[in-house]
Amino acid sequence: MARQDNAIDVRNAVKRYGSFTALKEVSLSIKDNEFFTLLGPSGCGKTTLLRMIAGFEDVSHGSIHLYGQEIENLPPNQRPVNTVFQSYALFPHLNVLDNVAFGVEMKGASQSEARSKARQMLELVQLSDFSARKPSQLSGGQQQRVALARALAPQPKVLLLDEPLSALDLKLRKAMQLELKHLQRETGITFIFVTHDQEEALTMSDRIAVMSAGELQQLGTPREIYESPRNVFVADFIGETNLLTVVVKEIRDGNAICQLDGGHELHCNEVAGIGVGSSVHLSLRPERVFISDKPRESKSLQGKVSENIFIGTDITTIVNLTDGPTFTVRTSNSDRGSKGIFEPGSDVYVNMEPGAARLLID
Amino acid sequence: MAAGAPGGGSTVANTYEKARTWLLLPSWLVLLGLSLIPVIMMLVYSFLTKEFRGGVIWEFSLAAYDQFFFDRGLFGDEPPSIEWTYITIFWRSFWQAGTATLLSLAIGFPTAYFIATRPAGSRAIWVFLITIPYWVNLLIRTVSMKFLLRDQGPLNQVLMSLGLIDSPLHMVNTNFAVQLGLFYSYLPFMVLPIYAAVERYDFSLSEAAADLYASRWVTLRRVLLPAVKPGIIAGCILVFVPSLGSFLAPDLLGGAKNYMIGSLIEEQFKGNAGNWPFGAAASMILLTIVLIILLLFARQQTRHERKEA
């Protein structure tokens, strides 16, 4: 029974609201003990999918299995999953301790058992001193941790997190990202995390499902998603990239030779389904490109520096290729000595690491 | 002009301070003229001597209160014993008003919940529908209710033609009829505050409770009800207090056996048979009891909250 190894199996899940389809035939498997992220812009269906797993939305078509058990027809209170809500949804009339104890008590524990479990959880999120307070007397970050403790206290098989960090300021958000990651390792519970923030997804996840317009665009590790985006949407949504229109001139030994506007030529990986003569998109990460004052090899592209932008850790250089498109090149601030910074107006050559340019399907 | 800025700010504050006093004046005058002064007049009248054709003689007397609580025989010369007549009427009034309040809550809460959970655009229409019957005068509505409940009235005829009963049910001149009348008169006062509270309720709290293994019933009892409690309390007060002093429903639907405080007080000020000081005293006693109940309730509430914190 191989599928029982998976925490969650979503098969051909469809969600319709009247004539609008929020989720179109999505299938994905989430492994046991995994930090899994559903990533996409707002309206992409990620929260709908999460709410279908929690039981707040019914499944129009398809099935959801949890460790092999079919759950899509169970009401939310009979599913061994717990949710950290975007708005936290802490019970305003209960103090912190009773909020955290609520789920444990509902599962059948006595009040004293539930409270002692709740105290343990509050210790885990370092809020023991706040157990007698009402949620309204806590800061946003503290409320967020209470919500986390409350969802973890009943020991769910899967923890669902619906953009839990979106209301926090940047510094706190960064700290919580690490804390969540550690908490996931410590508890060994499968986490399903929903976010629209690609950086957050890359930082925390074991695997990421990128979604758009109700469809799964790509599923893979952060590295796979970042370095080998499958299509234009993923390449554009994750990180910063040079998205260029090219025409495939020739395919030789698994390499595609592509031509940019202005006659510049690039070597890329071959992609199934893209033949000679087709006009396609190509993604080139700015940090995998470097500039030099002399051509390094025959593939170097000639251009002129138009601007340098200092962004702290990096310097972004905008290069206009001769009669061609604009290129963004990123140089780490610490490399400026070895690689050199070229003043605007300098004639330069753009070089790239082998395999850096990736052809994309639309 | 470094020093000018804070000075300018406080001038603005002073302007508002003055404006506030003037703007609040009409409210204060209305409250004073229509609420406080009448109560004081009533308090004074309750300690005066009655004039036989209505009105008062300006002479201090405790007779009104004495008449309410003590029985001194037909000629007033026997040793005093407790007078149960009026206490019974009071007790009955509280009972009737309490039942009507519970009935309003039982019907009003689901109604309010239903309206508050409709799509935002249609809520106003539902609220409007609730208030439509109340555009008709209360007297006409109460008389109509009596007509509906009569032995030969439409309700009995329908029940009999359906074969549910063999002979007409006697509903007019019963406690039930009064409770129904009160319930019907004041239902919107229950629905509207609860509706306002449920509309403000964050339904993700119900989702959170369900997510944490609570059944629907437990979610209602332990999450929704505590959150909308202020609305329920407001609704109960708004139905209970006017029901207690109501005289139309008890008069028209209850008959002589189901006499309530409102009717007792009304009679004291009607025609030549009345007794103004006694009516005023009964009103003061009613006012005092209601105030004590509300104060006890408020105190228990703050004590509960303090304990929670």
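Each remark here, short or long, concerns the structure printed above.
Parameters and conventions
Residues numbered from 1 in each chain as written. Chains lettered and ligands numbered in written order. Predicted model: local features only at pLDDT ≥ 70, side-chain atom pairs only at ≥ 80, totals over all residues. Heavy atoms only, no water. Helix = DSSP H or I, 4+ residues; strand = E, 2+ residues; numbered from the N terminus. Contact = heavy atoms within 4.5 Å. Pairing = 2+ DSSP bridges. Buried < 20%, exposed > 50% of the residue type's maximum accessible area, 1.4 Å probe, protein only. Polar contact = N/O pair within 3.5 Å; in protein donor to acceptor, adjacent residues only side chain to side chain. Axes fitted to C-alpha atoms, helices over the stretch in contact; angles between N-to-C directions. Parallel < 35°, antiparallel > 145°, perpendicular 65-115°, else oblique.

1. Quick word on the environment of Gly62(A)
Residues and elements named next belong to chain A. For glycine 62, the position within the fold is in strand S4 (residues 61-66). Placed 49 residues apart in sequence, glycine 62 and alanine 13 show a C-alpha to C-alpha distance of 4.3 Å. Other than its neighbours up to four places away in sequence, glycine 62 contacts Arg11, Asn12, Ala13 and Glu72.

2. Concerning the environment of Phe90(B)
Topologically, Phe90(B) is positioned in helix H3 (residues 84-116). Each C-alpha atom, one on Phe90(B) and one on Leu192(B), is 28 Å from the other, the two residues being 102 residues apart in sequence.

3. Focus: the sheet that holds strand S2 (residues 20-31) of chain A
All names here are of chain A. In space, the four strands of this open sheet follow the order S2-S1-S4-S5, with antiparallel pairing throughout. Strands at the two margins of the open sheet, each flanked by one partner only, are S2 and strand S5 (69-70). When S4 meets S5, the two strands line up antiparallel, connected through two bridges. Counted as the bridge partner of leucine 66 is glutamine 69 from S5.

4. A word on helix H2 (residues 96-106) of chain A
When you tally the buried positions in H2(A), you get ten out of eleven residues, the bulk of the element. Within the sequence span of H2(A), burial applies to Val96(A), Leu97(A), Asp98(A), Asn99(A), Val100(A), Ala101(A), Phe102(A), Gly103(A), Val104(A) and Met106(A). On its buried side, H2(A) packs onto helix H3 (111-124) and helix H4 (140-152) of chain A together with helix H8 (204-211) and helix H9 (216-245) of chain B. Measuring from the side-chain oxygen of the N-cap residue of H2(A) to the backbone nitrogen of Leu97(A) gives 3.2 Å; that N-cap residue is Asn95(A).

5. So, the packing of helix H5 (residues 138-149) of chain B against helix H6 (residues 154-161) of chain B
Residues and elements named next belong to chain B. In the contact formed by H5 and H6, the axes pass within 5 Å of each other and the chain directions differ by 30 degrees. Comparing the axis directions of H5 and H6 gives the class roughly parallel. Two secondary-structure elements touch here, H5 through Phe147, Leu148 and Leu149 and H6 through Pro154, Leu155 and Asn156.

6. A word on the sheet that holds strand S9 (residues 207-212) of chain A
All names here are of chain A. Strand order in the open sheet formed by six strands is S6-S7-S8-S3-S9-S10, with mixed pairing between adjacent strands. Because the sheet does not close on itself, it has two edges, and the strands there are strand S6 (81-84) and strand S10 (215-220). Neighbour-to-neighbour, the strand axes of the sheet open up by a mean angle of 20 degrees, direction not taken into account. Examined bridge by bridge, strand S7 (residues 158-162) and strand S8 (residues 190-195) share five bridges and lie parallel to one another. Paired with valine 158 across the strands is threonine 190, a residue of S8.

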